[in-house]
Each structure stands twice: as structure tokens, then as C-alpha cells.
Amino acid sequence: MKLKGLKVGLAVTGSFCTFDKIETSVKVLTELGADVYPIFSTNVQFTESRFGDTGEYMDKIAAMTGHDPILRVEDAEPIGPKSYLDILLIAPCTGNTLAKLANGITDSPVLMAAKAHLRNSKPLVISISTNDAMGINFKNVGELFNVKNIYFVPFGQDDAVKKPTSLIAHTELIPETLELALEGKQIQPVLK
Ligand SMILES: Cc1cc2nc3c(=O)[nH]c(=O)nc-3n(C[C@H](O)[C@H](O)[C@H](O)COP(=O)(O)O)c2cc1C
């Protein structure tokens, strides 16, 4: 299944060092004809990051997609009843959002979007980026692997020596991961 004409939710969480990669992914997805709906976590909106101006980043992503970003829980909630997304991508997905998702917590626009979207039995794809993925969050990664309609962008260790518990997704595989998830399949190999 190709992405042309499909509505793809892009839920961005606070892995600020990964923002450039996600901008590239948005460019690729829109070039492939996907209609991308940006969603930003509350922490993204209110964190002053040393990786650049977050407000400018959100404006840039919104302009690239042609949609106003979803910034509040109450604006993410209609994703459930209106069921307008074909697929939802959390990219980058922090350890914080991963842990909350695995435990049914819904206190950010991204988590509300995930809950609302999953209620419609549609695919949710996680593009992980966190230093504790193989540490305190390992159990949550495992938990989410076992949840119906949740898929992972293939990931690997980004610095096994200095950050032995860190995992980062291979974001260049996002389009392929989405296409297979839309067919109900986890792209393989997931460990790279
Ligand atoms: C500069 C900076 C970079 C960060 N990078 C990451 C990261 O790569 N992965 C991660 O899981 N958390 C990272 N964090 C921490 C998250 O932003 C923090 O846990 C936040 O509460 C996440 O909220 P969210 O998941 O709702 O976006 C970073 C924080 C800062 C200030």
C-alpha cells in the first residue's frame, strides 16, 4: 500500500536532537503524496532546547504540511470520533511518551492522539529515540511490541560504548514502515 493520498498523523515528542531527521522525513512523506497532520507534545511546545528554536521548528513543520498543528489534548481527541487519520506516527518518540503510552497515560496531545487513533483499530508507528530504551524503558518497549496495531520503525544502538542503553530509529525507513503497517505487518528486520 502506498502513502499517496493517505492521512498521516505526525506526533512529535521531545527528542530535540532528532528534529532535523524528522524534518527530512516530513519532506519525504509529503513528496510521496501523504497528507501529514502535525501534533506536538506539550513538553515540545514549552521546552527551550539548545538544539534551536522550537517555535520556529513547529512553524516550519506546519508550513511543510499545510495543516495547523494540534497543540492541545482537546484538539487531539476528535481523532477518535472523526477517525480521519489512516495511520499515526510518533516521531521522534521519547522515553517519556513511550512509558506513558505503555501504561495508558493520556496527558499530552500526542498521547491523546495515540489513544484516540488506537480506539479505531488503525496502525500506530513508533520511531524511538531515547537514551534509556534498553535501561529503565526496556520493559515498555517490550510491552508495546505486544500491542495490537502498534509497529516500530527499525532501530539500533547509536553509541554502544558511551550510551549502552540508547536506541534510535532508522528514520530513513519511516515510509516503508508505514506502508507495511498499513497492511498489518511489522517491517523486518526491526533490529538493525
Ligand atoms: C535538549 C533536550 C534533549 C532531549 N532529548 C531527548 C531524547 O533524545 N530522548 C528522550 O527520550 N528524551 C529527551 N529529552 C527529554 C524529554 O524532552 C523529556 O523527557 C520530556 O518530558 C519529554 O516529553 P514528551 O515525551 O511529552 O515530549 C530531551 C530534553 C532536552 C531538554
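Quick look at the structure, then.

Parameters at a glance
- Residues numbered from 1 in each chain as written.
- Predicted model: local features only at pLDDT ≥ 70, side-chain atom pairs only at ≥ 80, totals over all residues.
- Heavy atoms only, no water.
- Helix = DSSP H or I, 4+ residues; strand = E, 2+ residues; numbered from the N terminus.
- Rg over C-alpha atoms; globule rule 2.2 N^0.38 Å.
- Buried < 20%, exposed > 50% of the residue type's maximum accessible area, 1.4 Å probe, protein only.
- Contact = heavy atoms within 4.5 Å.
- Areas by Shrake-Rupley, 256 points an atom, 1.4 Å probe, with all protein chains shown as cover.
- Lys, Arg positive; Asp, Glu negative; His and termini not counted.
- Charge placed at Lys NZ, Arg CZ, Asp CG, Glu CD.
- Pairing = 2+ DSSP bridges.
- Right-handed = clockwise from strand over helix to strand, strands pointing away.
- Polar contact = N/O pair within 3.5 Å; in protein donor to acceptor, adjacent residues only side chain to side chain.
- Near = heavy atom within 4 Å.

## Observations regarding the overall build of the chain
Thought 1: The secondary structure content of the chain amounts to nine helices and seven strands.
Thought 2: Its C-alpha atoms give the chain a radius of gyration of 15 Å, near enough to 16 Å, the size a compact globule of 192 residues would have.
Thought 3: Principal-axis analysis of the C-alpha atoms gives the chain an extent of 45 × 35 × 30 Å.
Thought 4: With 192 residues in all, the chain has 53% of them scored as buried.
Thought 5: In the chain, of all internal contacts separated by at least 6 residues, the share reaching a separation of at least 24 is 79%.
Thought 6: Accessible surface, the chain: about 9000 Å² in total, of which carbon and sulfur atoms supply 53%.
Thought 7: Side chains of the chain give 19 positive and 22 negative charges; the mean places of these two sets differ by 5 Å.

## What about the pairing of strand S4 (residues 124-130)?
Thought 1: Counting buried positions over the seven residues of S4 gives seven, a clear majority of the element.
Thought 2: Both faces of S4 are covered, namely the face carrying Leu124, Ile126, Ile128 and Thr130 and the face carrying Val125, Ser127 and Ser129.
Thought 3: Looking at chain direction, strand S3 (residues 87-93) and S4 are connected through four bridges and run parallel. The partner of Leu89 across the bridge, within S4, is Val125.
Thought 4: Across three bridges, the pairing between S4 and strand S5 (residues 150-152) is parallel. By the bridge assignment, Leu124 is partnered in S5 with Ile150.
Thought 5: On the question of chirality, the crossover connecting S4 to the parallel S5 by way of helix H8 (residues 138-145) is right-handed.

## Quick look at the side chain of Asn137
Thought 1: Take Asn137: it is sitting in the loop between S4 and H8.
Thought 2: A polar atom in the side chain of Asn137 sits 2.7 Å from the side chain of Asn140.
Thought 3: Leave out the neighbours within four places in its chain, and Asn137 touches Gly95, Asn96, Leu98, Ala99 and Asp132.

## Here's the deal with the environment of Gly9
Thought 1: Along the chain, Gly9 falls in strand S1 (residues 7-12).
Thought 2: According to the relative accessible area criterion, Gly9 is buried, its value standing at 0%.
Thought 3: Through-space distance from the C-alpha of Gly9 to that of Pro78 is 13 Å; in sequence the pair is 69 residues apart.
Thought 4: Sequence-distant contacts of Gly9, that is, excluding residues within four places in its chain, are made with Tyr37, Leu85, Ile87, Leu88 and Leu89.

## Considerations on the environment of Ile39
Thought 1: Inspection of the secondary structure puts Ile39 in strand S2 (residues 35-40).
Thought 2: The spacing of Ile39 and Glu56 is 17 residues in sequence and 15 Å in space, taken between C-alpha atoms.
Thought 3: The contacts of Ile39, once residues within four sequence positions are left out, are Leu10, Ala11, Val12, Ile70, Ile79, Leu88, Pro109, Val110 and Ala113.

## Thoughts on the site of the ligand
Thought 1: By nearness alone, 14 residues border the ligand, and Ser15, Ser41, Thr94, Thr97 and Ser129 come closest of all.
Thought 2: Within the backbone of Gly95, an N or O atom sits 2.8 Å from an oxygen atom of the ligand.
Thought 3: Between the ligand and Ser129 there is a distance of 2.8 Å, counted from a nitrogen atom to a backbone nitrogen or oxygen.
Thought 4: Within the complex, the protein chains bury 72% of what would otherwise be the 640 Å² of accessible surface of the ligand.
Thought 5: Counting residues per element, the ones that place at least two in the shell around the ligand are helix H6 (95-102) and S4.
Thought 6: Considering each element in turn, the shell around the ligand owes the most residues, three residues, to H6.

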